Amino acid sequence: MKKVKRKLGKYELGRTIGEGAFSKVKSAQNTETGENVAIKVLAKSTILKNKMVEQIKREISIMKIVRHPCIVRLHEVLASRTKIYIIMEFVTGGELFDKIVHQVRLPEKEARRYFQQLIDAVAHCHSKGVYHRDLKPENLLLDCQGNLKVSDFGLSALPQQGVDLLHTTCGTPNYIAPEINAADFSCPSWFSSGAVSLIRKILDPNPDTRIKIKGIKRDSWFRKDYLPFRIKDDEQVNLDDVRAVFDDIEGELVSEKSVNSDSSPLEELVSKKSEYSEGGPLIMNAFEMITLSQGLNLAALFDRRQVQ
């Protein structure tokens, strides 16, 4: 008997390719375009129970706005009565971390290409007012052509959340900013002098004298064989699907609060609004309005465990 394939709108669902504490990831195909995608599936009840609504909405919105060839693309967000479905680019090359572990030592030309793509992606994020704050080889994926894809924006910050937030210690201990530690390091003997020079400028423990993105892009070692990607600066980003999905689930959250709180839903909303009104951001657009959030750490949500 032929197995009937499950569908989610225009997407034909495949097997489960990853599973975490709060979600699972399935492979799928867009039946209209033939494009392979990855779909992260989250239960609404789990999101509500663990108070993760704002955090997830924030990360999804950020991933939609930072569109770049070297950043994992988030296509759209769908929802059923009980589930949220996040449709993303399907990146098949695995983590850069695994490649480094397997090869032990990458050729400098290859390492430079990954670094160039990383800097391009980071510069693009900064131009959109987004700061990743957890860059590490485990969060850098590779596509089938060997191009870098930045993922996991769960700890990213927006300047509108306050300058102090950008100085908060976060991320993975082995990859924290140089000023949090002694910045005492040595480079392997096979590193070229150009690479060592740039690394020392990047790991300068003084943020005031540390090399900036513009300086990195002017560096002679960085510029060798540099071919930046062309991106569409005028590409329109539509967040209507995010609003539709999370307006629904936040309505459930407000209803729940009204049952368990002495204050009314209106009072709750007014109170929340006032938290951001004092000394508010200089610029406030629709994207920023739906991404402001106090929660940051989504590490547990995005743990990847491959399913055999």
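Above this note sits the structure.
The structure presented is a predicted model; accordingly, all values stated were derived computationally and were not measured.

*Asks:* What's the story with the side chain of Glu110 in this structure? I'm lost.
*Replies:* Position of Glu110 among the secondary structure elements: in helix 4 (residues 108-127). At 3.3 Å, the side chain of Glu110 forms a polar contact with the side chain of Lys99. If sequence neighbours within four positions are ignored, Glu110 has contacts with Lys99 and Gln103.

*Asks:* Whenever I open this one, the pairing of strand 5 (residues 74-79) confuses me. Can you help?
*Replies:* Side chains on a regular strand alternate between the two faces of the sheet. Note: strand 5 against strand 6 (residues 83-89), five bridges, orientation antiparallel. Bridge pairing links Glu76 to Ile87 in strand 6. Adjacent in sequence and paired antiparallel, strand 5 and strand 6 are bridged by three residues.

*Asks:* How should the nonpolar core be read in this particular structure?
*Replies:* Nonpolar side chains in soluble globular proteins tend to be buried together. Grouped together as the largest cluster of nonpolar side chains are 21 residues, with contacts concentrated most on Ile47, Ile60, Ile84 and Phe246. Of all the secondary-structure elements, those providing two or more residues to this core are helix 1 (44-49), helix 2 (53-65), strand 5, strand 6 and helix 8 (240-260). Apart from the residues lying within four places of it in its own chain, the contact partners of Ile84 are Lys40, Val41, Leu42, Lys44, Ile47, Val77, Leu78, Ala79, Val245, Phe246 and Ile249. In terms of nonpolar packing, the next biggest core, distinct from the first, is built from 17 residues, Leu106, Ala121, Val130 and Leu148 among them.

*Asks:* In this structure, what is going on with a nonpolar patch on the surface? I would like to understand it.
*Replies:* Where nonpolar side chains cluster on the molecular surface, the patch consists of Phe97, Val101 and Tyr175 and spans about 260 Å² of accessible area. Considering the arrangement of structural elements, one finds Tyr175 in the loop between strand 8 (148-150) and helix 5 (193-202). In this structure Tyr175 comes out as partly exposed when scored by relative accessible area, which is 34%.

*Asks:* Got a minute to help me understand the sheet that holds strand 3 (residues 23-30) in this structure?
*Replies:* Taken together, the six strands give an open sheet; going across it, the order is 1-2-3-4-6-5, and neighbouring strands pair in antiparallel fashion. Looking along the sheet, the strands with just one partner apiece sit at the ends: strand 1 (7-8) and strand 5. On top of the sheet, helix 2 reaches strand 4 (36-43), strand 5 and strand 6; it is set at about 145° to strand 5, its chief contact.

*Asks:* Looking at this structure, how should I read the environment of Lys44?
*Replies:* Position of Lys44 relative to the elements: it lies in helix 1. Look at Lys44 and you get buried, because its relative accessible area is 4%. The spatial distance from the C-alpha of Lys44 to the C-alpha of Arg81 is 8.3 Å, given a sequence separation of 37 residues. From its side chain, Lys44 meets the backbone oxygen of Ser80 in a polar contact 3.0 Å long.

*Asks:* What is the right way to look at the packing of aromatic side chains in this model?
*Replies:* Each pair of aromatic rings is reported with the distance of its centres and the angle of its planes. Counted by the stated rule, this structure contains four aromatic pairs. Where Phe115 meets Trp221, the ring centres are 6.3 Å apart and the plane angle is 55°; that geometry is what we call tilted. Taken together, the positions of Phe115 in helix 4 and Trp221 in helix 7 (residues 220-223) put the pair 106 residues apart, joining distant regions of the chain. Here the aromatic rings of Trp190 and Phe191 are separated by 6.3 Å at their centres, their planes lie at 70°, and the arrangement is edge-to-face. Exposure remark for Trp190: the relative accessible area of 46% places this residue in the partly exposed category. Here Phe191 falls in the partly exposed class, since its relative accessible area comes to 31%. By the ring-pair criterion, three or more aromatic residues cluster together here, those being Phe115, Trp221, Phe222 and Tyr226. A cation over a ring is seen here: Arg112 above Trp221, with NZ or CZ 4.8 Å from the ring centre.

*Asks:* Would you explain the pairing of strand 3 in this entry?
*Replies:* With six of eight residues buried, strand 3 lies mostly within the body of the structure. Sheet topology note: the strand 2 (residues 11-19)/strand 3 ladder contains six bridges and is antiparallel. Bridge pairing in strand 3 places Leu13 opposite Ala28. What sits between strand 2 and strand 3 in their antiparallel hairpin is a turn of three residues. Sheet topology places strand 3 next to strand 4; seven bridges connect them, and they run antiparallel. For Ser23, the partnering residue across the bridge sits in strand 4 and is Leu42. Connecting strand 3 to the antiparallel partner strand 4 that follows it, the hairpin turn spans five residues, and Gly34 within it adopts a positive phi of roughly 85°.

*Asks:* What should I look at first to understand unusual backbone geometry in this one?
*Replies:* With the exception of glycine, the majority of residues adopt a negative phi angle, and the majority of peptide bonds are in the trans configuration. In the Ramachandran plot, Lys51 falls in the positive-phi region, its phi being about 55° despite a non-glycine side chain. As for its position among the elements, Lys51 is in the loop between helix 1 and helix 2. Lys51 gets classed as exposed once you look at its relative accessible area, which sits at 66%. For Val104, which is not a glycine, the phi torsion comes out positive at approximately 70°. Residue placement: Val104 occurs in the loop between helix 3 (96-103) and helix 4. With relative accessibility at 68%, the residue Val104 sits in the exposed group.

The rules behind these values
Residues numbered from 1 in each chain as written. Predicted model: local features only at pLDDT ≥ 70, side-chain atom pairs only at ≥ 80, totals over all residues. Heavy atoms only, no water. Helix = DSSP H or I, 4+ residues; strand = E, 2+ residues; numbered from the N terminus. Polar contact = N/O pair within 3.5 Å; in protein donor to acceptor, adjacent residues only side chain to side chain. Contact = heavy atoms within 4.5 Å. Pairing = 2+ DSSP bridges. Core = buried A, V, L, I, M, F, W, Y, C linked by side-chain atoms within 4.5 Å. Buried < 20%, exposed > 50% of the residue type's maximum accessible area, 1.4 Å probe, protein only. Patch = residues over 30% accessible without salt bridge, like charges linked within 9 Å, V, L, I, M, F, W, Y side chains within 5 Å. Areas by Shrake-Rupley, 256 points an atom, 1.4 Å probe, with all protein chains shown as cover. Salt bridge = Lys/Arg side-chain N within 4 Å of Asp/Glu carboxyl O. Axes fitted to C-alpha atoms, helices over the stretch in contact; angles between N-to-C directions. Phe/Tyr/Trp six-rings, centres within 6.5 Å; stacked < 30°, edge-to-face > 60°. Lys NZ or Arg CZ within 6 Å of the ring centre and 35° of its normal.

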